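For reference, the chains in residue letters:
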Number of protein chains: 2
Amino acid sequence: MKLAQRKQKILAAVIEHYIATGEPIGSKSLQNTEGLDVSSATIRNELADLTAKGFLRQPHTSAGRIPTEYGYRYYVDSLMKPAVLDDRVKRYIENRLLSSGDAPEHIIKTASVIASELIGTAALSTTPTGDNSRVHRIKFVQTGRHTSMLVLITSSGMVKSRLFRCDFDITPEMLNVFDRALNERLAGQPLSSVNRPFAQTFAASFGELGLLMPDMLNAVMDACRESLGTNVYTSGSTKLLYQDDFDLMSARGVLEFLGDSDSRDKFLNNIPEGTNIYIGKENSHILLKRSAVVATRYEIENQPAGLISVIGSTRFDYSKAVAILECIAEYTGKFIAELLSVRQ
Amino acid sequence: MKLAQRKQKILAAVIEHYIATGEPIGSKSLQNTEGLDVSSATIRNELADLTAKGFLRQPHTSAGRIPTEYGYRYYVDSLMKPAVLDDRVKRYIENRLLSSGDAPEHIIKTASVIASELIGTAALSTTPTGDNSRVHRIKFVQTGRHTSMLVLITSSGMVKSRLFRCDFDITPEMLNVFDRALNERLAGQPLSSVNRPFAQTFAASFGELGLLMPDMLNAVMDACRESLGTNVYTSGSTKLLYQDDFDLMSARGVLEFLGDSDSRDKFLNNIPEGTNIYIGKENSHILLKRSAVVATRYEIENQPAGLISVIGSTRFDYSKAVAILECIAEYTGKFIAELLSVRQ
DNA sequence: GTTAGCACTCTAATATCGAGAGTGCTAATT
DNA sequence: AATTAGCACTCTCGATATTAGAGTGCTAAC
């Protein structure tokens, strides 16, 4: 729906006032809006119309207006001016991410910490998906008579290690055999192909020797599965309890959502590339129906990878959140790419 | 202070009623207490006395009595009968811990999950302290041109891995030199001795070659430091928000405490062996002044190791919590000991 | 030391009231 | 046709009053 200029201006003013203060606003206060030189009666008419169209609502008959979720949606799509980030903020983000260490995981964890700090609500970040990754190399390190560590190096340069234990004494020769056979068979294969059927046929092809392999193969499968899946980092979730426009039930809902890794990961996996905003009922998950999510996918060498995301009540400074998330996402993707490229 | 039999009985009845219902109780309802055959007036006198002595208090003049923290303390020390755990609960705990995987970390994580489930509040568990651990063996695995993984095996059988990156090309010969030199120098040394002074003298003793070592030595120090420090797992912290006798402020306080790893770890490290109960102001940390902590240290081969702990409001089923925690601690210690012994 | 009786206190729930904010509608104006 | 002034109306919020009920502390008798 296209709105007349003046209606847009009034709608934006109401929403921005509400985002800033959390209070409804009425026709009289709106007269102070820059560039709006009409009487309060005229504004009242416009407000009534915007309310009838579903953009605004009144908490009760004689309060001012506040946005509906539909109103927020229109604002986010058509009215909102992208916030311009202060240079100091940009440098702050850059520095924090740069000084967070040598592992991609650390950068990504830091990303969620600063998103939470700067936007003032709960934040999430995820490691890149390993969908396209392949096995590069698998190595073994013996760590005890019955235990050994497996090191998986993927084509994208990620490294995962995994302990496993056998009931028999492990010998260097045995590990050598495992090493040669596994790498011959798996090098260059997609991580997703390292599954149970593979393990069974692989072990079977070794006859008697294959009987010694299950523990080792389980470790390989685990490592591949974990490299495929994304890790999720959460920060500042207690901040939700301090948002006064968030009733306790909604805050609980979000906290529960964050704690339930299954539905959380499912939700996150369905978020497409770029910057996405989900307001209230637009969220597919029931525990988020009263919240808003802003999520940006960062890219590694132009490939959509993991997410940086914040979550809070629908009363949200969307413009600021988008600007900060996009800045964090940009640096995160860039720094991880640099890290991985030197690893090759 | 020693209390007369009847006073003890009344005190216990008040506390147990309050723990069970969260409601104050008055002289009349107390007449129904098993084995207490006196009039309500007599009970009133006793209550007045217990209140004067500081064991009980009234939320307001005309409400019944509820325990003070001092009352809880007396109850916990002298009145509380240890709860007897149902066999099915014991088996449940055993099974959950047994089926949680091959790594000590997984057992310990599961321990906090079931503590939280069974006791219905937030739970914490920590991995064993590595205070007495020594370096057993250090190994290297090359993972890229510029990166390598270091694997640290401690005397207690714990394994930690760590990635590091150098600015120069890593060669197998170089790793061999590192490997031999490090193990020669560090095998059998306490983890705590692997610190910066050590790294400096070590690198210096290699002259020119030592200039290539800093990245590698940092990784070694990191791995040792991490093995020394304990990991902390938290479960069910959102349960705090559902405890109706916990005002929002206190719940927030505890959540904040749990999120601040520095003060949390400091607090946990100071908890001695055995089972400990801290009620309200007895807690050294200000954010816990309105909460209660029950913590049991599990033992590995008769050595005090990590903690299993629950945290909630001072209205707490202490008896049940102690029984469950001690059961979990027993199995946790036992299973980890088994795991480590076969690793040698 | 124990008990019955009773006046007293305090809370929590409910009702009543007035001020204030903001509205929608009507009629007049541009 | 759009805008505006004016006004009666509605609803919330906070303050105040009222009442029922629970539980007490105290006194005097047992």
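Preceding this paragraph is the structure being described.
Calculation rules
- Going along each chain's sequence as written, the residues are numbered from 1 onward.
- Chains carry letters from A onward and ligands carry numbers from 1 onward, assigned in written order.
- In keeping with the predicted nature of the model, local features appear solely for residues at pLDDT of at least 70, side-chain atom pairs appear and are counted solely at 80 or more, and the whole-chain, interface and lining totals rest on all residues.
- Only hydrogens and water are set aside when side-chain values are computed; all heavy atoms of the structure are taken into account.
- Put simply, DSSP H or I for four residues or longer makes a helix, DSSP E for two residues or longer makes a strand, and each gets a number counted from the N terminus.
- Three labels apply to residues, based on accessible area from a 1.4 Å probe with only protein chains included: buried if under 20% of the type maximum, exposed if over 50%, partly exposed otherwise in between.
- A single heavy atom is enough: if one lies within 4 Å of a molecule or strand, its residue is considered near that molecule or strand.
- In protein, a polar contact means a hydrogen-donor-capable atom and an acceptor-capable atom, both N or O and within 3.5 Å, with residues adjacent in sequence counting only if both atoms are side-chain atoms; elsewhere, any N or O pair within 3.5 Å suffices.
- Nonpolar residues are Ala, Val, Leu, Ile, Met, Phe, Trp, Tyr, Cys and Pro. Charged residues are Asp, Glu, Lys and Arg, and all others, Gly as well, are polar.
- The contact criterion used is simple: two residues touch if any of their non-hydrogen atoms lie within 4.5 Å.
- Salt bridges, as used here, are contacts in which a Lys or Arg side-chain nitrogen is within 4 Å of a carboxyl oxygen on Asp or Glu.
- Two parts placed together each lose some accessible area; with a 1.4 Å probe, that loss summed over both constitutes the buried area.
- Ring pairs shown here join Phe, Tyr and Trp side chains whose ring centres sit within 6.5 Å, with only the six-membered ring taken for Trp; geometry is labelled stacked below 30 degrees between planes, edge-to-face above 60, and tilted in between.
- Any Lys NZ or Arg CZ found within 6 Å of a ring centre and within 35 degrees of that ring's normal is scored as a charge over the ring.

Asks: Got a sec to walk through the environment of Ser156 of chain B? Specific residues and values, please.
Replies: On the secondary structure map, Ser156 of chain B appears in the loop between strand 5 (147–154) and strand 6 (159–165). Judged by its relative accessible area of 28%, Ser156 of chain B is partly exposed.

Asks: Go over the protein's contact with DNA strand D with me, naming the residues and quoting the values.
Replies: Taken together, the neighbourhood of DNA strand D is formed by 20 residues, with Ser39, Thr42, Thr61 and Ser62 of chain A together with Ser27 of chain B sitting nearest. If you look at DNA strand D and keep only atoms within 4 Å of the protein, 76% of those are sugar or phosphate atoms. Interatomic distance of 3.0 Å between a side-chain N/O atom of Arg6 of chain A and a phosphate oxygen of DNA strand D. At 2.9 Å, a side-chain N or O of Ser62 of chain A approaches a base oxygen of DNA strand D. With 4 residues, helix 3 (residues 40–52) of chain A is the single largest residue contributor to the surface near DNA strand D. When grouped by side-chain class, the residues that make up the surface near DNA strand D number 4 nonpolar, 12 polar and 4 charged.

Asks: Just give me the short version of the side chain of Gln243 of chain A, but keep the residues and values in it.
Replies: Residues and elements named next belong to chain A. Locating Gln243 in the fold gives a position in the loop between strand 7 (232–235) and helix 10 (248–259). At a separation of 3.5 Å, a polar atom in the side chain of Gln243 contacts the main-chain amide nitrogen of Ser313. In contact with Gln243, not counting residues within four places along its chain, are Gly120, Thr121, Gly312 and Ser313.

Asks: So what's going on with the pattern of salt bridges? Residues and values would help.
Replies: Within the structure shown, the criterion is met by 32 salt bridges over all chains. The partner of Asp86 of chain A in a salt bridge is Arg88 of chain A, and the shortest N-O contact between them spans 3.4 Å. Asp86 of chain A sits in the partly exposed class, given a relative accessible area of 38%. Across the salt bridge formed by Arg162 of chain B and Glu226 of chain B, the nearest N and O atoms sit 2.5 Å from each other. Separated by 64 residues along the polypeptide, Arg162 of chain B in strand 6 and Glu226 of chain B in helix 9 (residues 214–228) bring together distant segments of the chain. The exposure class assigned to Glu226 of chain B is partly exposed, which follows from its relative accessible area of 33%. One salt-bridge network, in which partners are shared between bridges, spans Arg6, Lys7, Glu46, Asp49 and Lys53 of chain A.

Asks: Kindly report on the protein's contact with DNA strand C, identifying the contributing residues and their values.
Replies: If you check the shell around DNA strand C, you find 20 residues, and the closest are Ser27 of chain A together with Arg6, Ser39, Thr42 and Thr61 of chain B. Take the atoms of DNA strand C that sit within 4 Å of the protein: sugar and phosphate atoms are 77% of them. Within the side chain of Ser27 of chain A, a nitrogen or oxygen atom sits 2.8 Å from a phosphate oxygen of DNA strand C. Within the contact set of DNA strand C, a phosphate oxygen lies 2.9 Å away from a backbone nitrogen or oxygen of Ser39 of chain B. Of all the elements in the fold, those that place two or more residues in the surface near DNA strand C are helix 3 of chain A together with helix 3 (40–52) of chain B.

Asks: Quick rundown of the interface of chain B and chain A? Include the residues and the values.
Replies: With 29 residues of chain B at the contact, the number on the chain A side is 29 residues. Together chain B and chain A conceal approximately 2800 Å² of surface at their shared face, both sides included; 61% is due to carbon and sulfur atoms. In terms of residues, the side of chain B that touches chain A owes the most to one element, strand 6 of chain B, which gives 5 residues.

Asks: Explain the packing of aromatic side chains to me, and be specific about the residues and the numbers.
Replies: Two aromatic rings, taken as a pair, are described by how far apart their centres are and by the angle between their planes. Taken as a whole and assessed by the stated rule, the structure comprises 22 aromatic pairs over all chains. Clustering of aromatic rings is evident, with ring pairs tying together Phe55, Tyr70 and Tyr74 of chain A. Above the face of the Tyr242 of chain B ring, Arg252 of chain A is positioned so that its terminal group lies 4.2 Å from the ring centre.

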